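Below, each chain spelled out in residue letters.
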Amino acid sequence: MQRYVIQRVIASIPVLFILAVVIFAVLRISGGDPAAIIAGKDAPQWQIEAIRKDLGLDKPIISQLGIYLKDVLSGDLGQSINSKIPVIKLIKQRVVPTLSLAIMTELLTLPISIPLGVLAAWKANTWIDRTIMVFSSLGFSIPIFFLGFLLIKAFALEINLFPAAGYTAPTEDFGAFVHKLILPSFATAVIFWAFLVRMTRATMIEVLREDYIRTARAKGLAEASVLIRHALKNAALPIVTVIGWGIAELFAGLVVTEQVFAIPGMGRLIVDSIVRRDYPVIQGAMLVIAVLQVVVNLLTDLSYAVFDPRIKY
Amino acid sequence: MQQDTQTPQTYAPDRPSVMEKAASIWQTTKYKYRWTWRRHPMLIVGMAVLIFMGLMAILAPILFTMDPTAVDPPNRLAEPGSVITDEGVSHRAWFGTDFVGRDVYSRVVYGARISLAVGFAVGALTAISAAVLGLLAGYFGVVDLILMRIMDAIMSIPNILLAIALVSIVGGSVPIVIFAIWFVVFPRAVRVVRSSVLSLREEVYVEAARAIGAKTPRILIKHVFPGTVAPLIVTATLIVAGAILTEAILSFLGAGIDPETPAWGSMMADGRRTISQAIWVVGIPGGFLTLTVLAINTIGDNLRDMLDPKLSRSEG
């Protein structure tokens, strides 16, 4: 196990390296001159040159990349061009809303989608199954922001059950914190929910065809016990993979949700920085999200051992 | 046989006339359609919806539309179905007007052009690039090692963020949006092709081709590639749906195509300001968008069941 963990961590180093290079290349080569943006519209050429020299942008692109990678390795993500605040600090301020939204979404997703997926598989090809699958297809196809608008219209503007937008820190007022997060996390949960229901149903249908399920039923076990202890446990592996994979989708979805519900999270930080061409912040925030993704992938792989005792690392 | 070659005229069957040929093609099509209708009715429903949207996009100028960008402030936020009189000429705004008085119906009809063009262009680009790269990566170990690490890296950056960054830096035009969405989604399709190639290249018939001395390009194109077509079509279909959604999200976030051009995503972004008085400005483009994506997803799901039963078991 220990050896496998070390191996996997080492194997993810090249991925992280390429990741940093890709992000750097996309932002730097694709155009836009940060120096000109900082200097402002009517700045004279010499001033732009000075800023460029100050930022090290006059050096060849390869040595710029080298400096960037060295800085990243030493934990320095640079500072914002606009506010001069270190990028690390900006990210720290924004990470709590995004993570709370992500956790809340998971809390709304898992307890609903897994039982529904099991139910759909158990009642496969009946009207129950079909109804669940129709809703799942719909959830898959509806844009998050459209759903967000509909939820705001229905639950905030018409019946005033939840606030339409905004965010309160959990340390300030925990009740308001949860209250304000319910609509946004529900909007994000729907697509994730649709995805997980399909996956659970598909793997469960496959497992339910196995001989040991027939044996379990033949020896007179209660159906609930067959479904949960024999079937779901064996279907857990692909489901866990999807949950891990879905976290990546979740981050992407949160960019939109944060925009619709005006939540000051990582997604908004990135969208705002892109509008202002604040390169260091975009680079830093994207890198952090991508690293989180790599870590999630690693944890997903490791959790296989927990769900399937046959897998030993 | 011998007699045949000697007196072909006597034994050759009558050439079918054009009418007969057409009738036989019609029979086959009808049979295939009935078969599909019985086995996969939703495939036909999805196709019908998609064809409807496609016709709407192509025929936009003659579908009783007005200039989709013409503003008319005195008649802003008119309810769907209300009659608008402008300089003596009156017309009915079937889907109402938005916050500057633009006709929602015309904008929705023209907006279909952007969504479908982006969706299908991304789908086609992805299919081509995934076929080429997937074949190379699956067949040659060295390419695999390098290419797949790059694909992993691209895949671990959240799609939408990378696309927004690309579009907002380079500037929003239709080709840029297509390129940006293609760039963030194609690695997934490469993976699909690669994994089928990995198993196909171990097949006996591929080994046989190699044994009789077929050249590698021939093996790849004639023997391996056909096996990857079914999963590739299914993946590409689902990518078309994803691309339409992503384009709408980009337009919605203001990082998409020029906001003057009518697109479903930007219409909804505009409508956000007036959502409490005029739900139709958001609801109508949203409904069209959802219906289109739903239709394409349904087609993809049914194609998967039809073309590749193995895939449907593992992915639902």
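**Q** Would you explain a nonpolar patch on the surface in this entry?
**A** Residues and elements named next belong to chain B. Judged by side-chain polarity, I128, V132, L136, F140, V142, V143, L145, I146 and I150 come together as a nonpolar surface patch covering roughly 780 Å² of accessible area. For the nonpolar patch, the elements supplying multiple residues, two or more each, are α5 (104-139) and α6 (141-155). For the nonpolar patch, the leading source of residues is α6, giving five residues. By secondary structure assignment, the location of V143 is in helix α6.

**Q** Looking at this model, I keep getting lost on the packing of helix α7 (residues 159-170) of chain B against helix α8 (residues 174-200) of chain B. Mind explaining?
**A** When two helices pack together, their arrangement is given by the angle between their axes and by how far apart the axes lie. Residues and elements named next belong to chain B. Axis separation between α7 and α8 bottoms out at 9 Å; the angle between their running directions is 150°. What the angle tells us is that α7 and α8 run roughly antiparallel. Note that α7 runs across α8; the crossing there is right-handed. Here N159, L162, A163, L166, V167 and V170 of α7 come into contact with α8, specifically with I176, V177, A180, F183, V184, V185 and R188.

**Q** Honestly, the interface of chain A and chain B in this entry has me stumped. Any pointers?
**A** Facing 44 residues of chain A, the contacting portion of chain B comprises 44 residues. Counting across the chain A and chain B interface gives one salt bridge. R198 of chain A is the partner of D301 of chain B in a salt bridge, and the nearest nitrogen-oxygen pair spans 2.6 Å. On the surface where chain A and chain B come into contact, there are two residue pairs in polar contact (both at pLDDT 80 or more). Listing elements by their share of the side of chain A that touches chain B, those giving two or more residues are α1 (2-29), α6 (127-141), α7 (144-158), α8 (174-208), α10 (223-260), α11 (266-276) and α12 (279-307) of chain A. Top element by residues in the side of chain A that touches chain B is α10 of chain A. It accounts for eight residues.

**Q** I'm lost on empty space enclosed by the protein in this one. Help?
**A** A probe as big as a water molecule, rolled over the atoms, marks out the empty space that is left. Residue and element names in this part refer to chain A. Within this structure, the stated rule accounts for one cavity of 30 Å³ or more. Lining the largest cavity are V95, T98, L99, F251, M266, I289 and L292. At the level of elements, α5 (87-122) and α12 are the ones that each hand at least two residues to the lining of the largest cavity. Of all the elements, α5 adds the most residues to the lining of the largest cavity, at three residues. Here the lining of the largest cavity is composed, by residue class, of six nonpolar, one polar and no charged.

About the thresholds
Residues numbered from 1 in each chain as written. Chains lettered and ligands numbered in written order. Predicted model: local features only at pLDDT ≥ 70, side-chain atom pairs only at ≥ 80, totals over all residues. Heavy atoms only, no water. Patch = residues over 30% accessible without salt bridge, like charges linked within 9 Å, V, L, I, M, F, W, Y side chains within 5 Å. Areas by Shrake-Rupley, 256 points an atom, 1.4 Å probe, with all protein chains shown as cover. Salt bridge = Lys/Arg side-chain N within 4 Å of Asp/Glu carboxyl O. Helix = DSSP H or I, 4+ residues; strand = E, 2+ residues; numbered from the N terminus. Axes fitted to C-alpha atoms, helices over the stretch in contact; angles between N-to-C directions. Parallel < 35°, antiparallel > 145°, perpendicular 65-115°, else oblique. Left-handed = near helix turned anticlockwise from the far one by under 90°. Contact = heavy atoms within 4.5 Å. Polar contact = N/O pair within 3.5 Å; in protein donor to acceptor, adjacent residues only side chain to side chain. 1 Å grid on protein atoms, 1.4 Å probe; cavity = no way out; pocket = protein on both sides within 12 Å on 5 of 7 lines; lining within 4 Å. Points joined across faces, edges and corners; volume = space filled by probe spheres on them. Nonpolar A, V, L, I, M, F, W, Y, C, P; charged D, E, K, R; others polar.

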